[in-house]
Structure formats: structure tokens, C-alpha cells
Amino acid sequence: MSDVQSLSEKLDELIFWTKFSALPTFRALLMDDLREDVDKLVYELSDGERSTRDIARTISRGGRKITHATVANMWKKLAIQNLVIPAQRKGRYKRAVSLETLGIEIPEVEATSEISST
């Protein structure tokens, strides 16, 4: 085994254990902030590609009312708490981890393929 491969494996293990140890705290923070279904949908749909308008439109199609300004305000709040990550595209954010990964149920929207495609 080369030194680079060994170092890579150790780094992967360190990343795994770091994430593993942080998940309970991260889950608790998300549960506290994402109390409503709309909040959970905004978080889950935040993939770094969708705009605030895209997310608001998708959620509104499902019968819930939300504006793109509300999405932007939620992103700001979540970003301050490091619950979302700035995306490559300026002004957009990406969820740090899927709610499903944390065992949090993702509410359904009219176009369920919108969430499952990410």
C-alpha cells in the first residue's frame, strides 16, 4: 500500500468519524429550526442549483403558500447557523445533509420527483 493510499484511507476514516459524531447535534439543530413542513421542504429542495423562486414555485404547486423572499430569509438564517452551505452559484445554498439521512421524514409535494431527483 502506498503512502498516499494509506493517508487517503486515514483521511476518509477521520471524515467518517467526524460526521458520525456531529450528526446527533446537527439533527437536533435541524429539528429545532425546521418545525413546519414548508421549512423542511425549503431545506430539502436547497440543492445549490435551485433558486429561491424555483423552490417557492415548487412548494406552492403543492398547495402551500411561500414566497421567494421567505426562502431567501430562511437561507440567511440557516446559513448563519451553518445548516446550509453556500453553493457554487452566487446567492444560492445547498443543504448540508439530506433530511432522510438523518431519519427525518420529508413532507410530500405535488411533484415528488422534484426532491427525489437530487
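Residues numbered from 1 in each chain as written. Predicted model: local features only at pLDDT ≥ 70, side-chain atom pairs only at ≥ 80, totals over all residues. Heavy atoms only, no water.

Bringing a nonpolar patch on the surface into the picture now. On the surface, Leu11, Leu14 and Ile15 cluster together into a nonpolar patch covering about 280 Å² of accessible area. Along the chain, the position of leucine 14 falls in helix H1 (residues 3-33). (Patch = residues over 30% accessible without salt bridge, like charges linked within 9 Å, V, L, I, M, F, W, Y side chains within 5 Å. Areas by Shrake-Rupley, 256 points an atom, 1.4 Å probe, with all protein chains shown as cover. Salt bridge = Lys/Arg side-chain N within 4 Å of Asp/Glu carboxyl O. Helix = DSSP H or I, 4+ residues; strand = E, 2+ residues; numbered from the N terminus.)

Relative to each other, helix H2 (residues 37-45) and helix H4 (residues 68-80) sit at 75°, their axes nearing to 11 Å. Overall, the two elements H2 and H4 adopt an arrangement that is roughly perpendicular. Seen from H2, the contacting residues are Asp39, Val42 and Tyr43; seen from H4, they are Val71, Met74, Trp75 and Leu78. For the contact of H2 with H4, the class distribution of residues is 6 nonpolar, no polar and 1 charged. (Axes fitted to C-alpha atoms, helices over the stretch in contact; angles between N-to-C directions. Parallel < 35°, antiparallel > 145°, perpendicular 65-115°, else oblique. Contact = heavy atoms within 4.5 Å. Nonpolar A, V, L, I, M, F, W, Y, C, P; charged D, E, K, R; others polar.)

Moving on: the side chain of threonine 52. Relative to the helices and strands, threonine 52 resides in helix H3 (residues 52-61). Those residues in contact with threonine 52, other than ones at most four positions away along the chain, are His68, Val71, Ala72 and Trp75.

The next point concerns H4. Helix length check: H4, at 13 residues, gives a terminal C-alpha distance of 19 Å against a target of 18 Å (1.5 Å per residue), a fit within 8%. Taken together, the buried positions of H4 are Val71, Met74, Trp75, Leu78 and Ala79. All buried residues of H4 lie within an arc of 130° about the axis, which places them on one face of the element. Relative to its buried face, H4 has exposed residues pointing more than 90 degrees away, namely Lys76 and Ile80. Contact partners of the buried residues in H4: H1, H2, H3, strand S1 (84-86) and strand S2 (93-95). Positioned one or two residues after H4, asparagine 82 has a phi angle of 60°, which is positive. (Expected span 1.5 Å × (residues − 1). Buried < 20%, exposed > 50% of the residue type's maximum accessible area, 1.4 Å probe, protein only. Arc of directions from axis to C-beta.)

What follows is about the packing of aromatic side chains. Tallied over the entire structure, the rule returns 4 aromatic pairs. Consider the rings of tryptophan 17 and phenylalanine 20, whose centres lie 5.4 Å apart with planes at 85°: the pair is edge-to-face. Placement of the pair is tryptophan 17 and phenylalanine 20 together in helix H1, with a separation of 3 residues, close to one helical turn. Its relative accessible area of 47% is what places tryptophan 17 among the partly exposed residues. By way of ring pairs, the aromatic residues Phe16, Trp17 and Phe20 are connected into one cluster. (Phe/Tyr/Trp six-rings, centres within 6.5 Å; stacked < 30°, edge-to-face > 60°.)

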